[in-house]
Amino acid sequence: MASNTKRSSLWFYATNRGAALIMSMVLMIMLSLLGVAAMNTSVQEQRIAMAFRDSVRGLALAEAGAEMARTIVAGSTNPNLEGYNCQDAATTHYYPPGDQNTMYCIDTIDARVDNTVTDNRGSGQRAQKRKRIFVYKIDSMYRPLQSDGTPGPVVKWVQTVEQLTRISD
């Protein structure tokens with residue numbers, strides 16, 4: 001009986017020659033696939049991070065253009081702002097100046113005179129000064145340049161409505 005057991009165990013080793021090589025090859029292929037999957041995940045996460053960074057940058061630039069337009073509205077001696085309207089491409093302005101990525105424009109929506117303001121003393125007796133109320137629409141958009149130098153699609157767009165009251169005689 002002992003000789004039978006010895007023969008069967010020899011037979012097992014004799015028929016499984018090369019199995020270790022096949023198992024190591026299968027394991028090597030599985031580890032290679034795992035490595036490729038991890039590398040693809042890393043590349044995809046890097047692309048997502050770059051897209052998020054560009055999105056945040058675009059929004060910051062669009063808001064900076066709108067803030068520049070607000071500064072122009074507040075400091076302008078010309079309350080009608082004819083040179084900044086949105087209908088004409090020649091009156092579109094860029095922020096920062098010289099950079100073609102962020103453009104802004106200002107449209108006058110409403111301009112009216114309010115006769116209820118008096119001489120600023122609150123008496124309500126004499127209407128010496130009048131309020132002129134202007135309502136502006138400000139558009140600012142971020143359009144990154146493409147590789148050929150032409151503006152790409154709008155990535156971020158900021159639109160606000162501002163009201164400005166001016167006292168006049």
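Coordinates for the structure precede this section.
What you see is a predicted model, and the numbers here were worked out from it, not measured in a lab. (Residues numbered from 1 in each chain as written. Predicted model: local features only at pLDDT ≥ 70, side-chain atom pairs only at ≥ 80, totals over all residues. Heavy atoms only, no water.)

**Structural notes on the overall build of the protein chain**
The secondary structure content of the protein chain amounts to two helices and four strands. For the protein chain, the sequential pattern of α-helices and β-strands runs α-α-β-β-β-β. Taken over 169 residues, the protein chain has a buried fraction of 22%. Counting only contacts in the protein chain whose residues sit at least 6 apart along the sequence, the fraction spanning at least 24 positions is 56%. (Helix = DSSP H or I, 4+ residues; strand = E, 2+ residues; numbered from the N terminus. Buried < 20%, exposed > 50% of the residue type's maximum accessible area, 1.4 Å probe, protein only. Contact = heavy atoms within 4.5 Å.)

**Details of the packing of aromatic side chains**
Under the defined criterion, the tally for this structure stands at one aromatic pair. Relative to Y136, the ring of F134 has its centre 6.1 Å away and its plane inclined at 10 degrees; by these criteria the two rings are stacked. Judged on exposure class, the residue F134 and its partner Y136 are both buried. (Phe/Tyr/Trp six-rings, centres within 6.5 Å; stacked < 30°, edge-to-face > 60°.)

**Comments concerning unusual backbone geometry**
P96 follows Y95 through a cis peptide bond whose omega is -15 degrees. Among the secondary structure elements, P96 is positioned in the loop between β1 (93-94) and β2 (102-114).

**Let's talk about the pairing of β2**
Pairing between β1 and β2: two bridges, direction antiparallel. Bridged to H93 within β2 is Y104. (Pairing = 2+ DSSP bridges.)

**Observations concerning a nonpolar patch on the surface**
A contiguous nonpolar patch, built from I22, V26 and M30 and spanning about 300 Å² of accessible area, is present on the exposed surface. You can see V26 is positioned in helix α2 (residues 19-75). (Patch = residues over 30% accessible without salt bridge, like charges linked within 9 Å, V, L, I, M, F, W, Y side chains within 5 Å. Areas by Shrake-Rupley, 256 points an atom, 1.4 Å probe, with all protein chains shown as cover. Salt bridge = Lys/Arg side-chain N within 4 Å of Asp/Glu carboxyl O.)

**Quick word on the nonpolar core**
Core analysis: the biggest nonpolar cluster contains 15 residues, and A69, I72, V73, L81, I106, Y136 and I138 have the highest contact counts within it. If near-sequence neighbours (up to four positions away) are discounted, I72 is found in contact with L81, Y84, Y104 and I106. (Core = buried A, V, L, I, M, F, W, Y, C linked by side-chain atoms within 4.5 Å.)

Bear in mind that shape data such as this cannot, by itself, settle questions of function.
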